[in-house]
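Reading the structure
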Amino acid sequence: MEKRRDFIKKVGITTAALTVGQKLFGSSTTGFTAKSYKRIIGANDRIHVAVIGLNGRGNGMAGVFAGQKNTEVSCVCDVDSRTIPKAVKTVMDAKQESTPRSEKDCRKVLADKSIDAIYIATPDHWHAPLTIMGCQAGKHVYVEKPLSHNPHEGEIAVAAARKYNRVVQMGAQRRSAPVLTQGIQQLHKGIIGRVYMAKTWYTNARKPTFLKAAEVPDWLDYDLWQGPAPRMPYKDGLIHYNWHWFWHWGTGEALNNGTHEVDVARWGLGADFPVRVSSMGGRYNYKDDWETPDTQITNIEYPGGVTLIWEGRSANGRKVEEQDRGIIFYGEKGSLDTGGDSYKIYDLNGKLINEVKSLMKEDAIDGRNTASPSVGLDNYHVMDFLDAIRNNRKPNCDVEIGHKSVVAMQLGNISMRIGRDLKIDPKNGHIIGDAGAQKLWSRNYEKGWEPKI
């Protein structure tokens, strides 16, 4: 926690600064815009970054990286040739002086010794393999959630970061939110007493998905898009988003969005690996080509009588507590609600006692914006990543932290798919005494693409 406070001091958000115009439990805010972030941190060394995966999220984050002081997006990389001009424009619109070069093959990016760090916004099946490859190539890595497609490769990603002494940050932006960090610290100090449960949720109103056989378009290198995954025929409608709903490439809504809230919940609970996981769900609303559930409830039990619940509804957008996504911590003396860089405290009867709002004008999180739910939090998290590189420290959402949050939801998916509860070893997150479930701990890989260190 000391390192987190050091970082917050560097960006000018000390506990004292938080109280300027905003008492600890007040409700006023100050104007703090994304445009000012790039001027906050001073640094002596320029960091050269390659952005890999440019459709949607990656394009937006290319601009975030390009906007950081003493940082240059030196290369943009994607298997879809149509994304390159747009990403180059995004970088240049962020006032970067030099034009980034472009690549189709990420392996060529890794071979470039002038690149210091890579940012990964590829499909899920690429996340851990590319993270591992990046560490092996001497690059620091910022990888979007989820860290991995399956628990086994998540463990290898952690091992790779440690073996090659690389900074690996998972894109769980709330870990770098200054006011939320303050709220979690208050939680740990007992502001609502002993915390025994966290409820998390995500809602949306996604439409049916139907795929159809088609020829691979000329703008796409489909073989390279598949990369580590065993080869499957191309289908129209899969790329660039609907792969999320197919187990071969994606991890469903639980990891696509649930990771964010569950990570904050685990942080607040002070929990590592669970002792028991159970999950139920399915594709209930539509009869289409989805494989992953549109409706799912996951219960995660941690040592010491602590429970975490995630509710996911992809096909019914009714909000919970007037929020499309969020977290509630329940304790002996009350509850604490959050979702972005702010929090509210209620007593046992549900009466609002205190509210602490964000310093950012961009505090509102658009949970259904796949490109950039919060520009402000993106900036904070990228700044933390770059500062960790410059100061040779672990970032706020270090690879091991990310793995513990991701594996909890992966275990939920495994429980749902096999139809029974899982007993878990709290020392490492491994499944105990269930050979059928253990088969889903890893996956098959295309020959020659197996992740290893």
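Report follows, based on the coordinates. Keep in mind the model is a prediction, meaning the values are calculated, not measured. (Residues numbered from 1 in each chain as written. Predicted model: local features only at pLDDT ≥ 70, side-chain atom pairs only at ≥ 80, totals over all residues. Heavy atoms only, no water.)

1. Observations concerning the sheet that holds strand β14 (residues 334-338)
Note the cut-off: We call two strands paired when DSSP finds no fewer than two bridges between them. By the criteria applied, helices consist of DSSP H or I runs no shorter than four residues and strands consist of E runs no shorter than two, each listed in order from the N terminus. Any two residues having at least one pair of non-hydrogen atoms within 4.5 Å are treated as being in contact. Interaxial angles span 0 to 180 degrees and are taken between N-to-C directions of axes, which are lines fitted to C-alpha atoms, for helices over the stretch in contact.
Strand order in the open sheet made by the nine strands is β16-β15-β14-β13-β7-β12-β11-β10-β17, with mixed pairing throughout. The sheet is open, and its two borders are formed by β16 (352-356) and β17 (422-423), each paired with just one other strand. Sheet analysis places β14 next to strand β15 (residues 343-347), joined by five bridges and oriented antiparallel. Among the inter-strand pairings, Asp337 is bridged to a residue of β15, identified as Lys344. Each of β7 (195-203), β13 (325-331), β14, β15 and β16 touches helix α9 (residues 178-188); the most contacted strand, β15, lies at about 30 degrees to it. Packing of helix α12 (residues 258-269) onto the sheet brings it into contact with β7, β11 (295-302), β12 (306-313), β13 and β14, and relative to β13 it is tilted by some 20 degrees.

2. Concerning the nonpolar core
Basically, it comes down to this: In this description, a nonpolar core means a group of buried Ala, Val, Leu, Ile, Met, Phe, Trp, Tyr and Cys residues linked to one another through side-chain atoms lying within 4.5 Å. Three exposure classes are used, based on accessible area relative to the maximum for each residue type with a 1.4 Å probe and protein chains only: buried under 20%, partly exposed in between, and exposed over 50%.
Ranked by size, the top nonpolar core spans 89 residues in total, and within it Ile118, Trp225, Leu238 and Phe329 carry the most contacts. The element contributing the most residues to this core is helix α14 (residues 399-418), with seven residues. Counting residues in each nonpolar core, the second largest holds 26 residues, with Ile47, Val64, Val76 and Val382 among its members.

3. Things to note about the pairing of strand β1 (residues 47-52)
What counts is decided by this rule: By the criterion used throughout, a crossover qualifies as right-handed when its path from the first strand across the helix to the second strand runs clockwise, the strands pointing away from the viewer.
Taken across its six residues, β1 has five buried, putting it largely inside the fold. Bridge count for β1 against strand β2 (residues 71-77) is six bridges, and the pairing is parallel. In the sheet register, Ile47 faces β2, and the bridge partner there is Thr71. Crossover connection from β1 via helix α4 (residues 57-66) to parallel β2: handedness right-handed. In terms of strand pairing, β1 meets strand β4 (residues 117-120) through four bridges, oriented parallel. Counted as the bridge partner of Val49 is Ala117 from β4.

4. Quick word on the pattern of salt bridges
Between side chains of opposite charge, a pair can form as their charged atoms come close. Selection criterion: What makes a salt bridge here is a side-chain nitrogen of Lys or Arg within 4 Å of a carboxyl oxygen of Asp or Glu, nothing more.
Under the criterion given, the structure shown has 28 salt bridges. The partner of Arg194 in a salt bridge is Glu332, and the shortest N-O contact between them spans 3.8 Å. In this pair, Arg194 is assigned in the loop between α9 and β7 and Glu332 in the loop between β13 and β14, connecting sequence segments 138 residues apart. Accessibility expressed as a relative area gives 43% for Arg194, which makes it partly exposed. Residue classification places Glu332 among the partly exposed residues on the basis of a relative accessible area of 46%. Here the residues in one salt-bridge network are Arg162, Arg266, Asp272, Asp398, Glu400 and Lys404, joined through shared partners.

5. A few points about the environment of Val264
Along the chain, the position of Val264 falls in helix α12. For the pair Val264 and Gln173, spaced 91 residues apart in sequence, the C-alpha separation works out to 9.8 Å. For Val264, the contacting residues outside a window of four places in its chain are Arg174, Leu180, Ile184, Ile327, Phe329 and Thr338.

6. Comments concerning helix α5 (residues 83-93)
What counts, and what does not: Here, the arc refers to the directions that run from the helix axis to the C-beta atoms.
Considered for burial, the residues of α5 that qualify are Thr83, Ile84, Ala87, Val88, Thr90 and Val91. Buried residues of α5 fall within an arc of 160 degrees about the axis and therefore sit on the same side. Among the exposed residues of α5, those oriented more than 90 degrees off its buried face are Pro85, Lys86 and Lys89. Next to the buried residues of α5 lie α4, β2 and β3 (101-103). Once α5 ends, the next one or two residues include Lys95, with phi positive near 75 degrees.

7. Section: empty space enclosed by the protein
Note the following rule: Within this scheme a cavity is a closed region of a 1 Å grid, computed over the protein atoms alone, that accommodates a 1.4 Å probe without allowing it to escape, whereas a pocket is open but has protein on both sides within 12 Å along at least five of seven lines; lining residues each have an atom within 4 Å of a point. Grid points are joined across faces, edges and corners, and a volume is the space filled by probe spheres set on the points. As a working rule, the residues Ala, Val, Leu, Ile, Met, Phe, Trp, Tyr, Cys and Pro are called nonpolar, Asp, Glu, Lys and Arg charged, and the rest polar, with Gly in that last group.
Summed over all chains, the structure comprises two cavities of 30 Å³ or more. Looking at the second largest cavity, its volume works out to about 30 Å³. Where the lining of the second largest cavity is concerned, the elements lending two or more residues are α11 (252-256), β11 and β12. Of the residues in the lining of the second largest cavity, the class split is three nonpolar, five polar and three charged.

8. A word on the packing of α12 against α14
The cut-off we apply is this: Rotating anticlockwise by less than a right angle from the far helix to the near helix defines a left-handed crossing, while the corresponding clockwise rotation defines a right-handed one.
Viewed as axis vectors pointing N to C, α12 and α14 meet at an angle of 115 degrees, and their least axial separation amounts to 9 Å. In the packing of α12 onto α14, the handedness of the crossing is right-handed. Along the contact surface, α12 presents Gly258, Thr259, Val262, Asp263 and Arg266, while α14 presents Ile401, Lys404, Ser405, Val406 and Met409.

9. Re α12
Selection rule: To estimate how far a helix should extend, the number of its residues minus one is multiplied by 1.5 Å.
The end-to-end C-alpha separation of α12 is 16 Å, in line with the 16 Å expected for 12 residues at 1.5 Å each. Most of α12 is tucked away, with 12 of its 12 residues classed as buried. Residues Gly258, Thr259, His260, Glu261, Val262, Asp263, Val264, Ala265, Arg266, Trp267, Gly268 and Leu269 constitute the buried set of α12.

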